[in-house]
Amino acid sequence: MTPANTQITSSSIMPRALVIGAGPEALLGIEPFLGSNRFRVDFLDKDATPYIAIRQRRPDLVVLCFAPDDEEACQVLQMLQLDQSTRRLPILTYVNGEA
């Protein structure tokens, strides 16, 4: 759970990113796409339901790691889009190692 090595203003609270479908090993591939933002990164347990976890934790960014043929990931994206409270949530998709 290492935050990206980038800057954030000291007056703001560190935003939270929730990584779904991968562990800390994915950070090397994800960090370059976070830009100049610094995040506190959490990882979703394999037993947790992604959509429910996103609604409960309310992260500032979701990183969704999945294989191209993963139907569950597509369902999660669709549910987030249809839900008024999550529709504007930034989502970074990371498919088979490519963001």
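A quick note: this is a predicted structure, and the numbers were derived from the prediction, not measured. (Residues numbered from 1 in each chain as written. Predicted model: local features only at pLDDT ≥ 70, side-chain atom pairs only at ≥ 80, totals over all residues. Heavy atoms only, no water.)

Visitor: So what's going on with unusual backbone geometry? Which residues, and what values?
Guide: Its identity as a non-glycine residue notwithstanding, arginine 58 has a phi of 50°, on the positive side. Tracing the backbone through its elements, the reader meets arginine 58 in the loop between helix 2 (50–57) and strand 3 (61–66). Classification of arginine 58 as partly exposed rests on a relative accessible area of 45%. (Helix = DSSP H or I, 4+ residues; strand = E, 2+ residues; numbered from the N terminus. Buried < 20%, exposed > 50% of the residue type's maximum accessible area, 1.4 Å probe, protein only.)

Visitor: Which residues make up the environment of isoleucine 91, and what values do they have?
Guide: Looking at the element boundaries, isoleucine 91 is found in strand 4 (residues 91–95). In sequence terms isoleucine 91 and leucine 80 are 11 residues apart; their C-alpha atoms lie 9.6 Å from each other. Here isoleucine 91 is in contact with Leu61, Val62, Leu64, Leu77 and Leu80, once residues within four sequence places are set aside. (Contact = heavy atoms within 4.5 Å.)

Visitor: Quick one: what's the story with the nonpolar core, residue by residue and with numbers?
Guide: In this structure, Val19, Ile30, Phe39, Val41, Leu61, Val63 and Cys65 are the most contacted members of the largest nonpolar core, which totals 15 residues. The set of elements that each furnish at least two residues to this core consists of strand 1 (16–20), helix 1 (27–30), strand 2 (40–43), strand 3 and strand 4. Residue contributions to this core peak at three residues, all from strand 3. Counting 13 residues, the second-largest nonpolar core is a separate cluster that includes Tyr51, Ala53, Ala73 and Leu89. (Core = buried A, V, L, I, M, F, W, Y, C linked by side-chain atoms within 4.5 Å.)

Visitor: Lay out the pattern of salt bridges in plain terms, naming residues and giving numbers.
Guide: Following the criterion strictly, the structure yields two salt bridges and no others. Its salt-bridge partner being arginine 40, residue aspartate 42 comes within 3.8 Å of it at the nearest N-O pair. We classify aspartate 42 as buried; its relative accessible area is 19%. By relative accessible area, which is 41% here, arginine 40 ends up partly exposed. Between arginine 55 and aspartate 83 there is a salt bridge, with the nearest N and O atoms lying 2.4 Å from each other. Residue arginine 55 is located in helix 2, and its partner aspartate 83 is located in the loop between helix 3 (71–82) and strand 4; the two are separated by 28 residues in the primary sequence. (Salt bridge = Lys/Arg side-chain N within 4 Å of Asp/Glu carboxyl O.)

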